[in-house]
Amino acid sequence: MAGGDVIMVTGACGAIGGHVVRRLDRLGHRVVAFDQIGPSRAIASLDGRVPLVIGHVDDLGSILDAVRAHRVTRIIHLARVASPLNDEHPGSLYQVDFGGSVNVLEAARLAGVARAALASSYNIYPRATEPPHGHPTYAPVAEEHPPAPGRPYAIFKWAMEQVALTYARRFDLEVAMVRFSTYYGPERAIRRGTRAADVLNRMILNALEGQPTVVPQGGDQGFDAVYVKDCAQGAVAACLAPSVPSRIYNIGSGAAVTLRDAAQAVRRLVPGAQIEVGPGLEFNPGFGGHYIILDISRARREIGYAPEFDLTRGIADCMEELRTML
Ligand SMILES: NC(=O)c1ccc[n+]([C@@H]2O[C@H](COP(=O)([O-])OP(=O)(O)OC[C@H]3O[C@@H](n4cnc5c(N)ncnc54)[C@H](O)[C@@H]3O)[C@@H](O)[C@H]2O)c1
């Protein structure tokens, strides 16, 4: 076992959570999974090494009981209200995403946990539709950039960050927030969703299933597509790094890619895949897409985050995993 830490992962049965649990397990850590649902495919295979606590983050008692019962020393908090219950249901976001995060912080404080790492979002930055941060220059956005959360989801993430910083200042609890960019990965692809990131996920899944993909516009739009396993790496780094002096870390791919790049990568892996991507910007116009590129230099410098998957490697890995799931 690596060190004496016991790390509890909330939302452990979700897309990123499964990879976080597996990564920690691979590194030799003792892990406790916490989720409202039964074991996911990703963690069911861990041979009983990882206990799963079924509980609700919106119930402080259930988190505190789990933390105390398993002598948890660090928490990675990823639980969030199930999609598609998102911006149309701000009450659920308030209760689970925001309230659940405050409960995690409170449980951490009451139980003397050493560090809580919490999932935040690049959605708290303003949309960038022109230079320097938008098309065509895509200057990466650093953590100091003034926030402008415009949707309930982003507003509650930003509020969570503020509360966490208060816990750090007032109660000496070590906290770290990871602001994830939009991610792609097999668990998300298989959900067949419709959000902005799902255009890429669908392209990958369609190619494997022999289905065509037609994206009428947006082939020139640069965006920051991070692979789910790199998100997991970022969350683990924020939880385990020797120190987290800046407390807030962008976790993205660090580079702009387009759906045209993605189509090329998919065609190389699945020759003959039928993909059409039209020109222009905004590949998911109804969604009000958030296409900014995250500056990840702080995460590289302070917590040792280093993305392992460029677009080609990420799509290849995603396909390999999907083949075992279909
Ligand atoms: N760019 C972004 O905004 C962005 C991108 C990726 C992830 N994230 C954040 O990262 C985290 C993980 O995302 P994901 O995509 O893996 O999520 P997911 O939806 O795949 O998984 C969430 C998990 O939380 C669990 N859950 C839901 N309600 C719960 C409750 N009340 N109590 C306990 N568990 C509960 C679900 O059962 C699920 O297993 C989330 O906080 C998400 O907001 C942000």
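Please refer to the structure higher up on the page.
Residues numbered from 1 in each chain as written. Predicted model: local features only at pLDDT ≥ 70, side-chain atom pairs only at ≥ 80, totals over all residues.

Student: Run through the overall build of the chain, naming residues and quoting values.
Tutor: The helix and strand tally for the chain stands at 11 helices and 11 strands. For 326 residues, the compact-globule estimate of 2.2 N^0.38 gives 20 Å, and the C-alpha radius of gyration of the chain, at 19 Å, lies within 12% of that figure. Seen along its three principal axes, the alpha-carbon backbone of the chain occupies a region of about 55 × 45 × 35 Å. Considering the chain as a whole, with its 326 residues, one finds that 49% of them fall into the buried category. Contacts in the chain between residues at least 24 apart in sequence constitute 77% of all its contacts with a sequence separation of at least 6. (Helix = DSSP H or I, 4+ residues; strand = E, 2+ residues; numbered from the N terminus. Rg over C-alpha atoms; globule rule 2.2 N^0.38 Å. Buried ≥ 20, exposed ≤ 12 C-beta atoms within 10 Å, placed from the backbone. Contact = placed C-beta atoms within 7 Å.)

Student: Would you mind going over the nonpolar core in detail, with residue names and values included?
Tutor: Among the nonpolar cores identified, the biggest contains 107 residues, and V9 and A235 are the most heavily contacted of them. By residue number, the principal contributor to this core is helix α8 (residues 228–240), which donates 9 residues. When sequence neighbours within four positions are dropped, the list of residues in contact with A235 reads I16, V20, I76, L78, A117, A119 and V178. (Core = buried A, V, L, I, M, F, W, Y, C linked by C-beta atoms within 7 Å.)

Student: Go over the pairing of strand β2 (residues 30–35), please, and point to the residues and values.
Tutor: Counted residue by residue, β2 has 6 buried out of 6 residues, so it is predominantly covered. Where strand β1 (residues 6–10) lies against β2, 5 bridges are found, and the strand directions are parallel. By the bridge assignment for β2, M8 is matched with V32. The sheet contact formed by β2 and strand β3 (residues 52–54) spans 3 bridges and is parallel. The residue of β3 that forms the bridge with D35 is I54. (Pairing = 2+ DSSP bridges.)

Student: A description of α8 should follow, citing residues and the corresponding values.
Tutor: Along its 13 residues, α8 runs 18 Å from first to last C-alpha, staying within 8% of the 18 Å computed at 1.5 Å per residue. Of all 13 residues in α8, 13 are buried; the element is thus mostly enclosed. (Expected span 1.5 Å × (residues − 1).)

Student: Tell me about the sheet that holds strand β5 (residues 115–121), and name the residues and values.
Tutor: In sheet architecture, strand pairing relies on hydrogen bonds along the backbone and comes in two forms, parallel and antiparallel. Strand order in the open sheet formed by 7 strands is β3-β2-β1-β4-β5-β6-β10, with parallel pairing between adjacent strands. Bordering the open sheet on either side are β3 and β10 (248–251), each of which pairs with just one other strand. Sheet twist, expressed as the average angle between the axes of neighbouring strands with direction ignored, equals 20°. Sheet analysis places β5 next to strand β6 (residues 174–180), joined by 7 bridges and oriented parallel. Residue pairing for β6: A116 is matched across the bridge by V175. (Axes fitted to C-alpha atoms, helices over the stretch in contact; angles between N-to-C directions.)

Student: Any details on the site of the ligand? Residues and values, ideally.
Tutor: The full set close to the ligand counts 29 residues, and G11, G14, I16, A119 and S121 are the nearest of them. Where the shell around the ligand is concerned, the elements lending two or more residues are α1 (15–26), α4 (90–111), β5 and β7 (182–184). It is α1 that provides the largest number of residues to the shell around the ligand, a total of 3 residues. Its residues placed into classes, the shell around the ligand shows 14 nonpolar, 12 polar and 3 charged. (Near = placed C-beta within 6 Å. Nonpolar A, V, L, I, M, F, W, Y, C, P; charged D, E, K, R; others polar.)

Student: Tell me about α4, residues and numbers included.
Tutor: With 22 residues, α4 extends 30 Å between its outermost C-alpha atoms, agreeing within 8% with the 32 Å of an ideal straight helix rising 1.5 Å per residue. Along α4, the positions that sit buried rather than exposed are L93, V96, D97, F98, G100, S101, N103, V104, L105, A107 and A108. Where the residues of α4 are buried, they touch β1, α3 (60–69), β4 (74–77), β5 and α5 (152–171). Immediately downstream of α4, the backbone of G112 shows phi near 70°, a positive value.

Student: Can you break down unusual backbone geometry residue by residue, with the values?
Tutor: The amide bond that connects P131 to the next residue, P132, takes the cis arrangement and shows omega of 5°. Within the secondary structure layout, P132 lies in the loop between β5 and α5. For the bond from H135 to P136, the omega torsion is 0°, close enough to zero to count as cis. Looking at where P136 falls in the secondary structure, it is placed in the loop between β5 and α5. The phi torsion at Y138 lies on the positive side, around 50°, for a residue other than glycine. With respect to the secondary-structure elements, Y138 resides in the loop between β5 and α5.

Student: How would you explain the pairing of β1 if you had to name every residue and give the values?
Tutor: With 4 of its 5 residues buried, β1 lies for the most part within the structure. Read from β1 through α1 to β2, the crossover connection turns out right-handed. By the bridge criterion, 4 bridges tie β1 to β4 in an arrangement that is parallel. Across the sheet, the residue bridging to I7 is R74, located in β4. (Right-handed = clockwise from strand over helix to strand, strands pointing away.)

Student: Describe the packing of α4 against α5, listing the residues and the values that go with them.
Tutor: Contact geometry of α4 with α5 gives a least axis separation of 10 Å together with a crossing angle of 15°. Comparing their axes, α5 and α4 come out roughly parallel. Considering how the two elements wind past one another, α4 and α5 form a crossing that is right-handed. Contact residues: α4 offers P90, L93, Y94, D97, F98, S101, V102, L105 and R109, while α5 offers P152, Y153, F156, A159, M160, V163, A164, Y167 and F171. (Parallel < 35°, antiparallel > 145°, perpendicular 65-115°, else oblique. Left-handed = near helix turned anticlockwise from the far one by under 90°.)

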